[in-house]
Amino acid sequence: MNKILRINSKLSHSRANGPGLRAVVWFQGCSLGCPHCFNKGLNNSGEGADIETDELFQWLVSLKGISGITLSGGEPTEQISTLLPLLEKVKNETHLSILLFSGRFLGDIVTMSGGKMLVSLIDVLIDGPYDHHQANPPGIWPSSSNQKMHFLAGRYTMDDFTNLPCSEVIINDDGKVIKSGIFAYSEVVE
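Here is what the cut-offs are and how they apply
Residues numbered from 1 in each chain as written. Predicted model: local features only at pLDDT ≥ 70, side-chain atom pairs only at ≥ 80, totals over all residues. Heavy atoms only, no water. Core = buried A, V, L, I, M, F, W, Y, C linked by side-chain atoms within 4.5 Å. Buried < 20%, exposed > 50% of the residue type's maximum accessible area, 1.4 Å probe, protein only. Helix = DSSP H or I, 4+ residues; strand = E, 2+ residues; numbered from the N terminus. Contact = heavy atoms within 4.5 Å. pLDDT = per-residue confidence, 0-100. Patch = residues over 30% accessible without salt bridge, like charges linked within 9 Å, V, L, I, M, F, W, Y side chains within 5 Å. Areas by Shrake-Rupley, 256 points an atom, 1.4 Å probe, with all protein chains shown as cover. Salt bridge = Lys/Arg side-chain N within 4 Å of Asp/Glu carboxyl O. Axes fitted to C-alpha atoms, helices over the stretch in contact; angles between N-to-C directions. Left-handed = near helix turned anticlockwise from the far one by under 90°. Pairing = 2+ DSSP bridges.

1. Topic: the nonpolar core
Of all hydrophobic cores here, the largest spans 30 residues; its most connected members are Ile-69, Leu-71, Leu-83 and Leu-87. Secondary-structure elements contributing two or more residues to this core are strand S1 (4–14), strand S2 (22–27), helix H1 (53–62), strand S4 (68–72), helix H2 (80–93), strand S5 (97–102) and helix H4 (115–121). Ignoring sequence-local partners within four residues, the contact set of Leu-71 consists of Val-25, Phe-27, Pro-76, Leu-83, Leu-87, Ile-98, Leu-99, Leu-100 and Phe-101. Ile-126, Met-149, Tyr-156 and Leu-164 belong to the second largest nonpolar core, which has 9 residues in total.

Okay, here's the thing in structure tokens:
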């Protein structure tokens, strides 16, 4: 059954959002209200665009040369019931790895309806809210030391996250400029 996800944007090829060449999907909507959120513009669930899970899956499998997908936000776990069918298809029908960023901690995710299933489908979970007071230097994963990286499927280790570009600037064919990756927020003004 085709479901609808609310996303902000997607990027077909990135090297700064996890190991290898990855597609990235930024979900729209987050109710956590974390101070100094990385992507505060993605919090309002009334913005963004709807996409059918089948359409998103077809887009993913059409991409040449990618080794995985990175799911970020907003907060992907707020759309867990519609996200699960997509991730099941990715896991069962492709070779792609799945990396998920969440402002929620693993223990909280597994208590959510569908949370245990979600965790069983992803390869790496980076959990916890970004805390600019505990920010790691650029290029160090995760972006703040209160967050934890959970290697859930044995596909990756911490070594796979060393020497990744901390950011990238991509200019699409239509001239749109996309800035992506793990950025240093040392210039946050309070």
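2. Some words on the confidence of the model for the chain
Caution is warranted with low-pLDDT regions, since their predicted coordinates should not be read in detail. For the chain, the mean per-residue pLDDT works out to 88, and 95% of the residues sit at or above 70. Looking at the elements of the chain, mean pLDDT is at its lowest for strand S9 (residues 177–181), recorded as 78, and at its highest for H4, recorded as 98. A low-confidence stretch, residues 184–190 (pLDDT under 50), is modelled with 7 contacts involving residues beyond four sequence positions or located in other chains.

3. Thoughts on a nonpolar patch on the surface
Together, Val-169, Ile-171 and Val-177 make up a nonpolar patch on the protein surface, roughly 310 Å² of accessible area in all. Relative to the elements of secondary structure, Ile-171 occurs in strand S8 (residues 167–171). The exposed category is assigned to Ile-171, whose relative accessible area is 60%.

4. Notes on the packing of H1 against H2
Taken N-terminus to C-terminus, the directions of H1 and H2 make an angle of 30 degrees; their axes are 10 Å apart at the nearest point. The way H1 lies across H2 gives a crossing that is right-handed. The residues of H2 that touch H1, namely those facing Thr-53, Asp-54, Leu-56, Phe-57 and Leu-60, are Thr-82, Leu-86, Lys-89, Val-90 and Glu-93.

5. Focus on the sheet that holds S5
Within the open sheet, the 7 strands sit side by side as S3-S1-S2-S4-S5-S6-S7. Their pairing is mixed. Each edge of the sheet is formed by a strand with only one pairing partner; in this case those strands are strand S3 (49–52) and strand S7 (148–151). On average, each strand axis in the sheet is inclined to that of its neighbour by 30 degrees, with strand direction left out of account. In this sheet, S4 lies alongside S2 in parallel orientation, the contact comprising 5 bridges.

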